[in-house]
Amino acid sequence: METSRGNALNLSVQVSDVSKIYRLSYTLSPLSLLQALTSKQDSSKIERYKVAVDRVSFSIQTGDRLGIVGANGAGKSTLLQMITGVSKPTSGNIEVVGHVTAVLTLGVGLREDLSGRENIYIDGEVQGKSRSEINLIIDEIIEFAELGEFIDYPVRTYSTGMKSRLAFSMLVCIEPEILIIDEALSAGDSVFASKASQKIREICNKGKIVILVSHSMATIVEMCDRCIWIDQGKIVMDGDPQEVTSAYLEDVRKANEALLIEKYSSYMKSVSWLQGCEVISVEAYYAYESKPRNILIAKQDVIIRICLQVDILLDNPDIRFQIKRLDGMVFSDQLLSETDPTFINTNSSRAHSNNLLKGLYGRIAYDICMTPLVLGKGKYVLTCELLNQDMTFASKSTIIEVVTPPNSPTGVQPALFYPSTIALACNEIFI
Amino acid sequence: MKYLYKPIRKSISFLGLSPQDIQFVLNFLKLNIRDRYLGSSLGSLWAILNPMIMFAIYTFVFGYVFKAKIPGAETNLGYAIWLIAGFGPWMAISEGLMNATTSVVAGSGLIKNLVFKTELLPVAAALTGLVPLFVSLCFLTVLLAIDGNTMSWHAIFVIPAIILQFAFIIALGFFFSAINVFIRDFGIILPNLLIMLVFVTPIFYPESSTPAILQLISAFNPFYIICQIYRQALIFHQIPSILSLLYVGFISWLLGSIGSKFFCRLKGSFESML
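This structure is a prediction, so every number in the text was calculated from the model and none was measured.

1. Notes on the environment of A:Lys129
Turning to its location among the elements, A:Lys129 is positioned in the loop between helix H3 (116-126) and helix H4 (131-145). With residues near it in sequence (within four places) discarded, A:Lys129 still touches A:Gly124 and A:Ile134.

Next comes the structure, spelled out in structure tokens:
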């Protein structure tokens, strides 16, 4: 690590071709000591290893605010640790001009048996400050923590929230040149949390270079002017926070959908008992999009599109659409003839029951509009069946997962947000 | 990887610490002592009380129950004084070594989250041995006064002894603490190794009563030489042999410079091993 004190205007972090390989060994052994001593790590000789960071290069200049996003285990923290200097790259070079202040974990050295005040001293001492230097800032820290008389009680008497408040408050007096923050900065109740994020913003404003890892896309977009998305140790995308975070979220959604489909593939059946009758697809869309999705956010406007292919004449056709939760609870089970007035029930006049006359011929698509989607959080099987004379000729089902919007209150989730009103809005035919 | 720090690091490789480093070492030292007795109502007072009680027991047992005698110290307290003059420094060595050995593993939280000179951890931990040493010296002063064998100007040689002793402990501490990261068993077996060592070293019995082979070993045993310097300076009013001082100094310097290199070579791997 090349580190030097730059003048205040010329700070930079230069990461060039940096890799970090962790050796995976379950037991520590004399062998690992020898390997560490001989040091020249040759990844081909290590049998089990993990490439945490894979040939990453980027550079940051004075004034940059860089956000880093990525899934768990993507290598974000490893990268931060290397920039900080806590760990060394296996290969590649990191040049840092300026003094790095890193907040990687909160409350590392909290001593349960000592009072909050003594812990503040310890935290300062661990960072190499003298008692008198700590005395200058301790009042500000105590004031920020808002622990009242508890500041002089042992930390073991604190609630979890109080502990995190104390730990967070120890940061308030840092005056960083290059600031590195690794998420987990939510502390205490909502009042304190907003105060804390306000403080982080202030500190970031003081820092001349900020590198921020967060799982909160809103934080990244708000506080950064550049964003890097890392996946499996590699930079996937580097650019405007808005663009990168939405690309990242889209990717996460796709991965989740793939996982959902894989896990519940047994529910995604497509059956046809009669040649010439087929339910081609059952897909859910957001009203404002044209891409089918399997994971939907509750209370959005959603369209479920059913597509059928009917190439033969049917006497008394009908379409049945069912929404069933995975645990077996049926939310909706309707026949098209019940919902569409033009789709007259056929028992009375057989002459008009021909599917050709009803327009149920060729390739047909129906849109079932749910505006908004009222299903509660959970996984649902959507099934569409083509009936004739009360017999099922073809059927197809798919699975969707309804998730609650981010930042919604947690707790007991309603099964339905309000009674379902599923309306058949339009039917279009294209032969 | 290149190091701009390298010239600086080289210069502090053993004894030349910057003021910032000294602050670090003092803070860690305080923390080490405080952490050990955390939660007890007497707190850090135990750091002094515990060795004091131990020395009191030795004095009572060997001064008034066993009435052990060694040549050259025929009074009631003679053996107890002689024992404590050697055993006090030994306690400093064993305590310092044990703390230094576990220091890096114990400081894993810091190592993973804070950028600092990791090599200061074993240094600070080794210095915890100063506490039992000072307790033993104070205890000795009182005992010697009671025994009517007050210290002479020779006591001044305790100062180089302390410096050499801790240079030696720190030098070994570099090796032990780094090894303990990779082979945790080392820290577990160490107390027993130290007990073996204390019986190989003529601390509980005079050198003259040991077999010839052991006497030969003792002549080159730095642990024994260190303890012997204290005895000579405090009880026997002798000037310690300059040669033995130089010998321990040389060994400490040699081990220290290899040890700090050894440590710095391994410290890059600590973070992934802890």
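That was the structure; now back to the text.
2. Some words on the interface of chain A and chain B
With 33 residues of chain A at the contact, the number on the chain B side is 29 residues. When residues in the side of chain A that touches chain B are grouped by element, the largest group, five residues, is from helix H1 (residues 30-38) of chain A. When its residues are assigned to classes, the side of chain A that touches chain B shows 15 nonpolar, 13 polar and five charged.

3. Considerations on the pairing of strand S4 (residues 65-69) of chain A
All names here are of chain A. In terms of residue burial, S4 counts as a mostly covered element, since five of its five residues are buried. Both faces of S4 are covered, namely the face carrying Arg65, Gly67 and Val69 and the face carrying Leu66 and Ile68. When S4 meets strand S8 (residues 209-213), the two strands line up parallel, connected through four bridges. Bridge pairing in S8 places Arg65 opposite Val210. Pairing analysis gives four bridges linking S4 to strand S9 (residues 226-231), with the strands arranged parallel. Bridging across to S9, Leu66 finds its partner in Arg226.

4. Let's talk about helix H9 (residues 185-200) of chain B
Residue and element names in this part refer to chain B. The end-to-end C-alpha distance of H9 is 22 Å, a good match for the 22 Å that 16 residues give at a rise of 1.5 Å each. Along H9, the helix axis deviates most sharply at Pro191, where the bend reaches about 35°. Taking burial as the measure, the 16 residues of H9 include one buried ones, a minor fraction of the element.

5. Examining the sheet that holds strand S7 (residues 178-182) of chain A
Residue and element names in this part refer to chain A. Taken together, six strands build an open sheet; the order of strands is S6-S7-S8-S4-S9-S10 and the sheet is mixed. Looking along the sheet, the strands with just one partner apiece sit at the ends: strand S6 (100-103) and strand S10 (234-239). When the angles between neighbouring strand axes are averaged without regard to direction, this sheet yields 15°.

6. Focus on the confidence of the model for chain A
Residues and elements named next belong to chain A. In the predicted model, chain A carries a mean pLDDT of 78, and the fraction of residues at 70 or more is 82%. When the criterion is pLDDT under 50, residues 1-6 qualifies, and its contacts beyond four places in sequence or with other chains add up to 19 contacts. Contacts for the low-pLDDT stretch residues 426-431, under 50 throughout, to residues beyond four places or in other chains number nine contacts.

7. Re the packing of helix H4 (residues 78-106) of chain B against helix H8 (residues 158-182) of chain B
A pair of packed helices can be characterised by two numbers: the angle between their axes and the separation between those axes. All names here are of chain B. Contact geometry for H4 and H8: axes closest at 7 Å, N-to-C directions at 35°. The two elements H4 and H8 meet at a crossing, and its hand is right-handed. Contacts between H4 and H8 involve Pro89, Ala92, Ile93, Gly96, Leu97, Ala100, Thr101, Thr102, Ser103, Val104 and Val105 from the former and Gln165, Ile169, Leu172, Gly173, Phe176, Ser177, Ala178, Asn180 and Val181 from the latter. Here the residues of the contact of H4 with H8 sort into twelve nonpolar, eight polar and no charged.

Cut-off values and rules
- Residues numbered from 1 in each chain as written.
- Chains lettered and ligands numbered in written order.
- Predicted model: local features only at pLDDT ≥ 70, side-chain atom pairs only at ≥ 80, totals over all residues.
- Helix = DSSP H or I, 4+ residues; strand = E, 2+ residues; numbered from the N terminus.
- Contact = placed C-beta atoms within 7 Å.
- Nonpolar A, V, L, I, M, F, W, Y, C, P; charged D, E, K, R; others polar.
- Buried ≥ 20, exposed ≤ 12 C-beta atoms within 10 Å, placed from the backbone.
- Pairing = 2+ DSSP bridges.
- Expected span 1.5 Å × (residues − 1).
- Bend = angle between axes of the 7 residues up to and from the residue.
- Axes fitted to C-alpha atoms, helices over the stretch in contact; angles between N-to-C directions.
- pLDDT = per-residue confidence, 0-100.
- Left-handed = near helix turned anticlockwise from the far one by under 90°.

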